[in-house]
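Okay, here's what each chain looks like letter by letter:
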Amino acid sequence: MLAVCHVMRYSDYTARLKEVIDSGAIGQIASVEHLEPIGWWHFAHSYVRGNWRRESESSSMLMAKSCHDIDWLSYVVDRPVEKVSSFGGLMHFRPENKPADAGDRCVDCPLQQTCAYSATKIYRGFLESGGWEQWPLAVLDSDVSAESINRALEVGPYGECVYNGQNDVADHQVVNLQYAGGVTASFTVTAFTDLAFRKTRIFGSGGWIEGDGRMLHVQEFATGRKYSIDSAAVGGASAADGHGGADDGLVDAFLRAVTTGDESHLLSGPQQSLETHRVVWLAEESRRTEGTVVRDIPSDPLKPAVL
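Please read these numbers as outputs of a predicted model, since none were measured by experiment.

### Observations regarding the overall build of the protein
Item 1. The helix and strand inventory of the protein stands at eight helices and 10 strands.
Item 2. In terms of overall size, the protein behaves like a compact globule, its C-alpha atoms giving a radius of gyration of 21 Å where 307 residues would be expected to give roughly 19 Å.
Item 3. Across its three principal axes, the protein shows a C-alpha extent of roughly 60 × 45 × 45 Å.
Item 4. Evaluated residue by residue, the protein yields a buried proportion of 47% over its 307 residues.
Item 5. Restricting to contacts in the protein with at least 6 residues of sequence separation, those with at least 24 account for 69%.
Item 6. Distance from the positive charge centre (27 side chains) to the negative charge centre (41 side chains) of the protein: 4 Å.

### Topic: helix H5 (residues 133-140)
Item 1. Residues of H5 that are buried include every one of Trp135, Pro136, Leu137 and Leu140, and no others. One side of H5 carries all its buried residues, which in axial view fall inside an arc of 160°.
Item 2. Elements in contact with the buried residues of H5: helix H2 (40-48), helix H4 (119-129) and helix H6 (146-155).

### Thoughts on the pattern of salt bridges
For side chains bearing opposite charge, pairing can occur when the charged atoms are close.
Item 1. Applying the stated criterion across every chain, the model contains 17 salt bridges.
Item 2. A salt bridge links Glu160 to Arg53; the shortest N-O distance between them is 3.8 Å. Of the two residues, Glu160 is situated in the loop between H6 and strand E3 (172-179) and Arg53 in the loop between H2 and helix H3 (61-77); the sequence distance between them amounts to 107 residues. Each member of the pair Glu160 and Arg53 is classed as buried.
Item 3. Salt bridges sharing partners connect three or more residues here, namely Glu36, Lys65, Asp69 and Arg198.

### Looking at the pairing of E3
Item 1. Burial of E3 is one-sided: the residues Gln173, Val175, Leu177 and Tyr179 facing one way are buried, the residues His172, Val174, Asn176 and Gln178 facing the other way are not.
Item 2. When strand E2 (residues 81-89) meets E3, the two strands line up antiparallel, connected through eight bridges. The residue bridging Val81 from the neighbouring strand is Tyr179, located in E3.
Item 3. Strand direction decides the pairing type here: E3 and strand E4 (residues 184-190), joined by seven bridges, are antiparallel. Across the sheet, Gln173 pairs through a bridge with Val189, a residue of E4.
Item 4. From the end of E3 to the start of E4, which pair antiparallel, there are four residues, and Gly181 there has a positive phi angle of about 90°.

### Brief notes about the packing of aromatic side chains
Item 1. Scanning all chains against the criterion turns up 13 aromatic pairs.
Item 2. Seen from their ring centres, Trp132 and Trp135 are 6.5 Å apart, and the 45° between their planes marks the pair as tilted.
Item 3. Its end group placed over the ring of Tyr75, Lys18 keeps NZ or CZ at 4.6 Å from the ring centre.
Item 4. The lysine or arginine in question, Arg225, covers the ring of Tyr227, its NZ or CZ lying 3.9 Å from the ring centre.

### Digging into the environment of Thr292
Item 1. If you trace the backbone, Thr292 turns up in the loop between helix H8 (270-288) and strand E9 (294-295).
Item 2. Residues Thr292 and Ala253, 39 residues apart in the sequence, show an inter-C-alpha distance of 39 Å.

### Brief notes about the nonpolar core
Item 1. Membership of the largest hydrophobic core comes to 52 residues, with the highest contact counts inside it found for Phe43, Val84, Leu177, Ile202 and Ile209.
Item 2. Take this core: its biggest share by element is nine residues, from H3.
Item 3. Ignoring sequence-local partners within four residues, the contact set of Val84 consists of Val175, Asn176, Leu177, Val279, Leu282, Ala283, Ser286, Thr292, Val293 and Val294.
Item 4. Judged by nonpolar contacts, the second largest core, of 17 residues, contains Ala119, Tyr123, Leu140 and Ala233.

### Some words on unusual backbone geometry
Item 1. Following Trp135, the chain continues into Pro136 via a peptide bond in cis, with omega recorded as 5°.
Item 2. Mapped onto the secondary structure, Pro136 falls in helix H5.
Item 3. Of note in the backbone geometry, Asp78 takes a positive phi value of approximately 60° without being a glycine.
Item 4. When you line up the elements, Asp78 lands in the loop between H3 and E2.
Item 5. At Glu290, a position not held by glycine, the phi torsion is positive, near 60°.

Analysis parameters
- Every chain is numbered independently, its residues counted from 1 as its sequence is written.
- Only residues with pLDDT of at least 70 are given local features in this predicted model, and only at 80 or more are side-chain atom pairs given and counted; all residues enter the totals for whole chains, interfaces and linings.
- Values reported for side chains reflect all heavy atoms of the structure, with hydrogen atoms and water molecules removed beforehand.
- Under the DSSP-based scheme used, a helix requires at least four consecutive residues in state H or I and a strand at least two consecutive residues in state E, with every element numbered from the N terminus.
- We compute the radius of gyration over the C-alpha atoms and compare it with the globule rule, which gives 2.2 Å times the number of residues raised to the power 0.38.
- Any residue under 20% of the maximum accessible area for its type is buried, any over 50% is exposed, and the rest in between are partly exposed; the area is computed with a 1.4 Å probe on protein chains only.
- Contact criterion: two residues are considered in contact whenever any of their non-hydrogen atoms come within 4.5 Å of each other.
- This count recognises Lys and Arg as positive and Asp and Glu as negative, with His and chain-terminal groups excluded.
- Every charge is mapped to an atom, namely NZ of Lys, CZ of Arg, CG of Asp or CD of Glu.
- The directions from the helix axis to the C-beta atoms are what the arc is built from.
- Between Lys or Arg on one side and Asp or Glu on the other, a salt bridge is scored when a side-chain nitrogen of the former is within 4 Å of a carboxyl oxygen of the latter.
- A pair of strands is labelled paired if DSSP reports no fewer than 2 bridges between them.
- Within 6.5 Å between ring centres, the rings of Phe, Tyr and Trp (the latter by its six-membered ring) count as paired, and their orientation is classed by plane angle as stacked under 30 degrees, edge-to-face over 60, tilted in between.
- When the NZ atom of lysine or the CZ atom of arginine is within 6 Å of a ring's centre and also within 35 degrees of its normal, the charge is said to sit over that ring.
- Here the nonpolar core consists of buried residues drawn from Ala, Val, Leu, Ile, Met, Phe, Trp, Tyr and Cys, with membership extended through side-chain atoms lying within 4.5 Å.

Quick look at the structure:
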């Protein structure tokens, strides 16, 4: 048995959302709006200073961060993607946006107390507040102490100014998707938010749903009924919080599959993940060709066709 860790499929929030959709309460899905708010400091941590800052050393930001959202949309819509277009790029974290008085490292920078992306303010703040030992502080040093973290800020990549030009991945991107049957979705991922749960609106022929990762708000057109569903999301949306309980949900599902021999508990096998990756590759092909619409060709997934 093989399960790929697309954890968003396994949250109670997603299960409750699928129940509403599958019940027919909102009719046939026509379109979806979906937002992934990475969080300003999270983006700086992972995609400017961190392991995923350069595509040649890792992957595109869309693949590293948002393959989960593209996968989740396919799971919710439950139709194959036929056409993709995408726009976005690296707008803010560039050398030309570096303040004139800024230093190369935050520990020596005169702006470290006022800069939104100050490493000293961000990581020392996590040290003081507690609860962030496993992530992100342990990424700087496995010994999560004030001395070790301060040393990492003095000599390591996590203490560098975000405007030094060490990164090249997109800090914002929009992906437009058309599924079989004409269903459409728009996906936005951006660095310039708080780190929060995803936000989604699903528009159906008989009603609509608005969700924030915890609560679902549903309206049914024919009856005029409006109601809310509170999912069992646990903690926050970050990796430190187990993605609101989704990480535990995946592990539980895998253990149930192994102990019972029932693979239906696995919602994200290799085939589903391959399809997700293909859509991300198509989106990146589109972004690099100025938003050209591309379509998926199952017989040759690595050579997208331009429409």
